[in-house]
Amino acid sequence: MASNLESSLATKASDTLWDFSCDACNKNEAQFNCEGCFKCYCENCVKLHNQLFNYHSLFGREQIEKWPIAKSTLDILEQCEKHSDEKIKLFCEDHSQLCCLVCVARYHR
């Protein structure tokens, strides 16, 4: 019984968690990234994009390594581990550590 519930929840959760969402409609998972616009598009929105910008280069999921890093991922990577409301700004050479401005003022003088 528990395994059926877990698989049901996993299926529902995976329907809403995407690595990239469509920048145009914000409703669907992105399937393409436009090198010219720096935007991601779903199957529906890419058709309109292609009508307007047929000279732009598009990368599909099979070329995802050419897509830029997702903003949500970038935000997490830039966040200070000790001060969640601060972004990493500097590198302390003495301690070989990335730090935010609060860390620099408190621990890296």
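What counts, and where the lines are drawn
- Residues numbered from 1 in each chain as written.
- Predicted model: local features only at pLDDT ≥ 70, side-chain atom pairs only at ≥ 80, totals over all residues.
- Heavy atoms only, no water.
- UniProt positions renumbered as here; feature names shortened; annotations may be inferred.
- Helix = DSSP H or I, 4+ residues; strand = E, 2+ residues; numbered from the N terminus.
- Salt bridge = Lys/Arg side-chain N within 4 Å of Asp/Glu carboxyl O.
- Buried < 20%, exposed > 50% of the residue type's maximum accessible area, 1.4 Å probe, protein only.
- Arc of directions from axis to C-beta.
- Contact = heavy atoms within 4.5 Å.
- Phe/Tyr/Trp six-rings, centres within 6.5 Å; stacked < 30°, edge-to-face > 60°.
- Lys NZ or Arg CZ within 6 Å of the ring centre and 35° of its normal.
- Pairing = 2+ DSSP bridges.
- Axes fitted to C-alpha atoms, helices over the stretch in contact; angles between N-to-C directions.

1. Here we look at the UniProt feature "domain: B box-type" (unreviewed entry) in the chain
Step number 1: Sequence positions flagged by UniProt for "domain: B box-type" (unreviewed entry) are, in local numbering, residues 22-61 and 80-109.
Step number 2: Taken end to end, residues 22-61 is 25% helix and 22% strand, and its two terminal C-alpha atoms sit 13 Å from one another.
Step number 3: In this annotation, residues 80-109 is assigned 23% helix and 20% strand; the end-to-end C-alpha distance for the span is 18 Å.

2. Considering the pattern of salt bridges
Step number 1: Within the structure shown, the criterion is met by three salt bridges.
Step number 2: In this structure, K87 and D75 form a salt bridge, with 4.0 Å as the shortest nitrogen-oxygen distance. Here K87, found in the loop between α3 (71-78) and β4 (90-92), pairs with D75, found in helix α3; they are twelve residues apart in sequence, far enough to count as distant.
Step number 3: Among the residues examined, K87 registers a relative accessible area of 39% and is labelled partly exposed.
Step number 4: Judged by relative accessible area, which is 29%, D75 ranks as partly exposed.

3. Comments concerning the side chain of H108
Step number 1: Here H108 shows up in the segment after α4 (101-107).
Step number 2: Exposure remark for H108: the relative accessible area of 14% places this residue in the buried category.

4. Here's the deal with helix α2 (residues 43-52)
Step number 1: For α2, every residue scored as buried is listed here: C45, V46 and H49. Angularly, the buried residues of α2 cover 100° about the axis, an arc narrow enough to put them on a single face. In α2, those exposed residues whose orientation departs by more than 90 degrees from the buried face are N44, K47, L48 and Q51.
Step number 2: Lining the buried residues of α2 we find β1 (32-34), β2 (39-41) and β3 (58-60).

5. A few points about the packing of aromatic side chains
Step number 1: Under the defined criterion, the tally for this structure stands at two aromatic pairs.
Step number 2: Taking the centre distance of 4.9 Å and the plane angle of 70° together, the rings of F20 and W67 count as edge-to-face. In this pair, F20 sits in the loop between α1 (2-16) and β1 while W67 sits in the loop between β3 and α3, placing the two residues 47 residues apart along the sequence. Both residues of the pair, F20 and W67, count as buried.
Step number 3: The ring of Y107 is capped by K82, whose NZ or CZ atom sits 4.5 Å from the centre of that ring.

6. As for the sheet that holds β2
Note on sheets: strands pair through backbone hydrogen bonds, and any given pair is parallel or antiparallel.
Step number 1: The strand order β2-β1-β3 describes an open sheet built from three strands, whose pairing is antiparallel. The sheet terminates laterally at β2 and β3, the two strands that pair on one side only. On average, each strand axis in the sheet is tilted by 25° relative to the strand beside it, whichever way the strands run.
Step number 2: Here β1 runs beside β3; their pairing, made up of three bridges, is antiparallel. Of the residues in β3, the one forming a bridge with F32 is G60.
Step number 3: Where α2 meets the sheet, its contacts fall on β1, β2 and β3, and the angle it forms with β2 comes to roughly 120°.

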